[in-house]
Amino acid sequence: MDLKIGNDWDELLSAETDKPYFGQLKSFVESEYAKYTVYPPRSLIFAALRYVPYSEVRVVIVGQDPYINAGQANGLAFAVNKGVKLPPSLVNIYKELSSDIGADMSGASGDLTGWAKQGVLLLNATLTVRAGQSDAHSGCGWQTFTDAVIKLLGKREKPLVFILWGSRAQKKREFIQPQHCVIASAHPSPLSAYNGFFGSRPFSRANAFLVGHGLPPVDWTEVSAYDKPLYYEGKGRIERG
């Protein structure tokens, strides 16, 4: 498991690789990939950070862990590659987006590259999962690593928006300083969406905060930014169309 990201996250997170927990995490993850089917593909574990450099982050959406079914997880929280059927959580996200800002999301791709291109970091609290077993890797050290990511963003002076969906994501709230906007609600999963996700209006609220601080809003209807599939796996690097 290579932490090489290829942008400013490398220097910012370099201290994490020297900590004992990260060595244990690396050994655990490598063992899991060797024994089981694990998502996302190994080279896409840090795709969210590769896609959005630290200096370009404007909005952070935190989820739980990757999708557990074949062909879905691609390293960006809640996203799937073009041509993949939308998972239920993403269907609900689009429903809330349509209700919130009046956008017609019917037929929209689920790759979410358009959001990432605009500085929306789509980060899961846990970056890997065993096939078919939600939360299988939640206690192996990923939480400590993603806490470090949120701590770095949470102390930035430039205002950011943090959208925390679900109890696992909301545990990150303690690392976010007051200058930022925090929008927290239930997870968009069908099991919890009616407990506070629907009607939370995260997209319009995020844009209102950004505009109120002199920053451009996110075009949430631009979910696809590239013609090719989200990522190609090859020689450990991320390629975009």
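Criteria and thresholds
- Residues numbered from 1 in each chain as written.
- Predicted model: local features only at pLDDT ≥ 70, side-chain atom pairs only at ≥ 80, totals over all residues.
- Heavy atoms only, no water.
- Pairing = 2+ DSSP bridges.
- Helix = DSSP H or I, 4+ residues; strand = E, 2+ residues; numbered from the N terminus.
- Axes fitted to C-alpha atoms, helices over the stretch in contact; angles between N-to-C directions.
- Contact = heavy atoms within 4.5 Å.
- Phe/Tyr/Trp six-rings, centres within 6.5 Å; stacked < 30°, edge-to-face > 60°.
- Buried < 20%, exposed > 50% of the residue type's maximum accessible area, 1.4 Å probe, protein only.
- Lys NZ or Arg CZ within 6 Å of the ring centre and 35° of its normal.
- Parallel < 35°, antiparallel > 145°, perpendicular 65-115°, else oblique.
- Left-handed = near helix turned anticlockwise from the far one by under 90°.
- Nonpolar A, V, L, I, M, F, W, Y, C, P; charged D, E, K, R; others polar.
- Polar contact = N/O pair within 3.5 Å; in protein donor to acceptor, adjacent residues only side chain to side chain.
- Core = buried A, V, L, I, M, F, W, Y, C linked by side-chain atoms within 4.5 Å.

Colleague: Help me understand the sheet that holds strand E3 (residues 120–124), please; the structure alone is not making it clear to me.
Modeller: Taken together, the four strands give an open sheet; going across it, the order is E3-E2-E5-E6, and neighbouring strands pair in parallel fashion. Of all strands in the sheet, those bounded by a partner on one side alone are E3 and strand E6 (181–185). In this sheet, neighbouring strand axes are inclined to one another by 15 degrees on average, regardless of whether the strands run parallel or antiparallel. Relative to E6, strand E5 (residues 161–165) runs parallel, the two being bridged by five bridges. If you follow Trp165 over to E6, its bridge partner there is Ser185. Across the sheet, helix H6 (residues 142–154) lies against strand E2 (59–63), E3 and E5, angled at about 150 degrees from E3, the strand it touches most. Strands E2, E5 and E6 of the sheet are contacted by helix H8 (residues 202–212), whose axis makes an angle of about 165 degrees with E5.

Colleague: Just to check I follow, could you spell out the packing of aromatic side chains for this structure?
Modeller: Given two aromatic rings, one states the distance between the centres and the angle between the planes to describe the pair. One pass over the structure, following the stated rule, counts 14 aromatic pairs. Judged by centre distance (5.0 Å) and plane angle (90 degrees), the rings of Trp115 and Trp220 are edge-to-face. Taken together, the residues Trp115 in helix H5 (residues 113–117) and Trp220 in the loop between H8 and strand E7 (232–234) connect sequence positions 105 residues apart. With relative accessibility at 1%, the residue Trp115 sits in the buried group. These aromatic residues form a ring-pair network of at least three members: Phe78, Trp115, Trp165, Tyr194, Phe197, Phe198, Phe203 and Trp220. Over the ring of Tyr36 we find Arg130, and its NZ or CZ is 3.8 Å from the ring centre. In this structure, Arg156 packs its charged tip against the face of Tyr54, placed 5.2 Å from the ring centre.

Colleague: Help me understand the packing of helix H2 (residues 20–35) against H6, please; the structure alone is not making it clear to me.
Modeller: To describe two helices that pack against each other, one gives the angle between their axes and the distance between the axes. Contact geometry for H2 and H6: axes closest at 9 Å, N-to-C directions at 125 degrees. Considered as vectors, H2 and H6 are oriented oblique to each other. Relative to H6, H2 is oriented so that their crossing is left-handed. On the side of H2, the interface is formed by Tyr21, Phe22, Leu25 and Val29, while H6 contributes Trp142, Thr144 and Phe145. In terms of residue class, the contact of H2 with H6 is made up of six nonpolar, one polar and no charged.

Colleague: I keep staring at the side chain of Glu16 and nothing clicks. Help me out?
Modeller: Along the chain, the position of Glu16 falls in the loop between helix H1 (9–12) and H2. A polar side-chain atom of Glu16 sits 2.5 Å from a polar atom in the side chain of Tyr21. For Glu16, the residues in contact, after removing those within four places along its chain, are Tyr21, Phe22, Phe145 and Ala148.

Colleague: Hey, could you run me through the nonpolar core in this one?
Modeller: Soluble, globular proteins show a tendency: their nonpolar side chains are buried together. Ranked by internal contacts, the top residues of the largest apolar core, which has 76 residues, are Trp9, Trp115, Leu121 and Phe145. Ranked by residue count, the leading element in this core is H6, at six residues. Excluding residues within four positions of it along the chain, Trp115 makes contact with Ile61, Ile93, Leu97, Val120, Leu122, Phe203, Asp219, Trp220, Glu222 and Val223.

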